[in-house]
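Chain residues, written in single-letter form:
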Amino acid sequence: MTPTETLATLATGLLDGTVKIVDCTAPLGPDTPLLKLPPELADDTPKIEIHKISEYGDRGPFWAWNWLKLGEHSGTHYDAPHHWITGKDYPDGSTDTIDPQNFVAPANVIDCSAEAAENPDFLLTADGVKAWEAEHGEIKEGEWVLMRTDWDQYNGSEEAFLNADETGPHTPGPSVDCIEYLMSKKALGWGTQCIGTDAGAAGGFEPPFPAHNLLHLNNRYGLASLTNLDKLPPKGAILITAPLKIVKGTGSPIRALALVAG
Ligand code: 23J
Ligand code: MN
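Residues numbered from 1 in each chain as written. Chains lettered and ligands numbered in written order. Predicted model: local features only at pLDDT ≥ 70, side-chain atom pairs only at ≥ 80, totals over all residues. Heavy atoms only, no water.

Enquirer: Hey, could you run me through the sheet that holds strand S5 (residues 104-111) in this one?
Expert: Backbone-to-backbone hydrogen bonds pair the strands of a sheet. The strands run either parallel or antiparallel. Taking strand neighbours across the sheet as the criterion, the nine strands line up as S1-S15-S13-S5-S7-S11-S12-S4-S14 in an open arrangement whose pairing is mixed. Every other strand in the sheet has two partners, leaving strand S1 (19-23) and strand S14 (251-253) as the edge strands with one partner each. Strand-to-strand, the axes of this sheet are offset by a mean angle of 25 degrees, without reference to chain direction. One ladder, built from three bridges, connects strand S13 (residues 237-240) with strand S15 (residues 257-261); its direction is antiparallel. Its bridge partner lying in S15, Ile-240 is registered against Leu-257. (Pairing = 2+ DSSP bridges. Helix = DSSP H or I, 4+ residues; strand = E, 2+ residues; numbered from the N terminus. Axes fitted to C-alpha atoms, helices over the stretch in contact; angles between N-to-C directions.)

In structure tokens form, the structure reads like this:
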């Protein structure tokens, strides 16, 4: 098939509904859960504010519009290499300089929902990824790897979503060797359904926050607070994840969309 024919086939599938769009995005608003860091570190991303400018009234009779107050790392969002010290010097590492070819890519979805239900501190390891590959096929260069935990079921409550107690947050994520392995496979990046790409306990790992550290060291990307991964096949979905073109941005809320065969 020529590329033109490939796109024509896709166009037909989009129009006749045999290619479906799954929305992998959480609602973005005042109730969106936000990250909490230990007290000695700044985490003053404000709660999202949506301010009405006017709504068809005296202040603008024919239109409605709002202005927003929100942090880059709010809700379903994209982590750019510039977010982490290990990725700070990439000239193509901020939201305005990443090659947009990277914003549409195949997704591998690793189902860890049973393990996460059993143990909120569950870590996916390199061996776990290799076992998944033995069943579903190899992860290839330039593809996303998404950790399905069904954690989106808690997204409506910040307390449940962060799942913190006096010992810190308890949310699933990747082990250090998991991300090392994915970088050796030249994956495009790593996505999760939790507040960030790293596990809740990852501040105490070596290196701390290995998903952030190693993804961005390798000029690769992260996705957080994804939803509806239970509606994606293990392989075969195409993920669209375009950050806003924020000048020198370290990340951005996104509308994460998956194309799936319906
Ligand atoms: C800063 C420090 C630690 C973390 C994060 C940000 C995120 O999760 C994020 O949104 O990138 S863990
Ligand atoms: Mn982030």
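Back to the text.
Enquirer: Quick question: what am I supposed to make of the site of ligand 1 here?
Expert: Neighbouring ligand 1 are Leu-35, Leu-37, His-73, His-77, Asp-79, His-83, Trp-84, Gly-196, Phe-209 and His-212. His-77 places a side-chain nitrogen or oxygen 3.1 Å from an oxygen atom of ligand 1. At 2.9 Å, a side-chain N or O of His-212 approaches an oxygen atom of ligand 1. Protein coverage of the free-state accessible area of ligand 1, which is 320 Å², stands at 86%. A per-class count over the shell around ligand 1 returns four nonpolar, five polar and one charged. (Near = heavy atom within 4 Å. Polar contact = N/O pair within 3.5 Å; in protein donor to acceptor, adjacent residues only side chain to side chain. Areas by Shrake-Rupley, 256 points an atom, 1.4 Å probe, with all protein chains shown as cover. Nonpolar A, V, L, I, M, F, W, Y, C, P; charged D, E, K, R; others polar.)

Enquirer: What should I look at first to understand the nonpolar core in this one?
Expert: Proteins that are soluble and globular tend to have nonpolar side chains buried together. By size, the foremost hydrophobic cluster in this structure holds 24 residues, and its most contacted members are Ile-110, Leu-124, Val-129, Val-145, Ile-179, Leu-182 and Trp-190. Within the residue set of this core, elements represented by two or more residues are helix H3 (126-136), strand S7 (144-148), helix H5 (176-184) and helix H6 (210-217). Per-element tally for this core: the top contributor is H5, with six residues. If we ignore the near neighbours within four places in the chain, the residues touching Leu-124 are Ile-110, Cys-112, Val-129, Met-147, Gly-173, Pro-174, Ser-175, Cys-178 and Trp-190. If you look at the next biggest cluster of nonpolar residues, it comprises 23 residues, including Val-109, Leu-146, Leu-223 and Leu-226. (Core = buried A, V, L, I, M, F, W, Y, C linked by side-chain atoms within 4.5 Å. Buried < 20%, exposed > 50% of the residue type's maximum accessible area, 1.4 Å probe, protein only. Contact = heavy atoms within 4.5 Å.)

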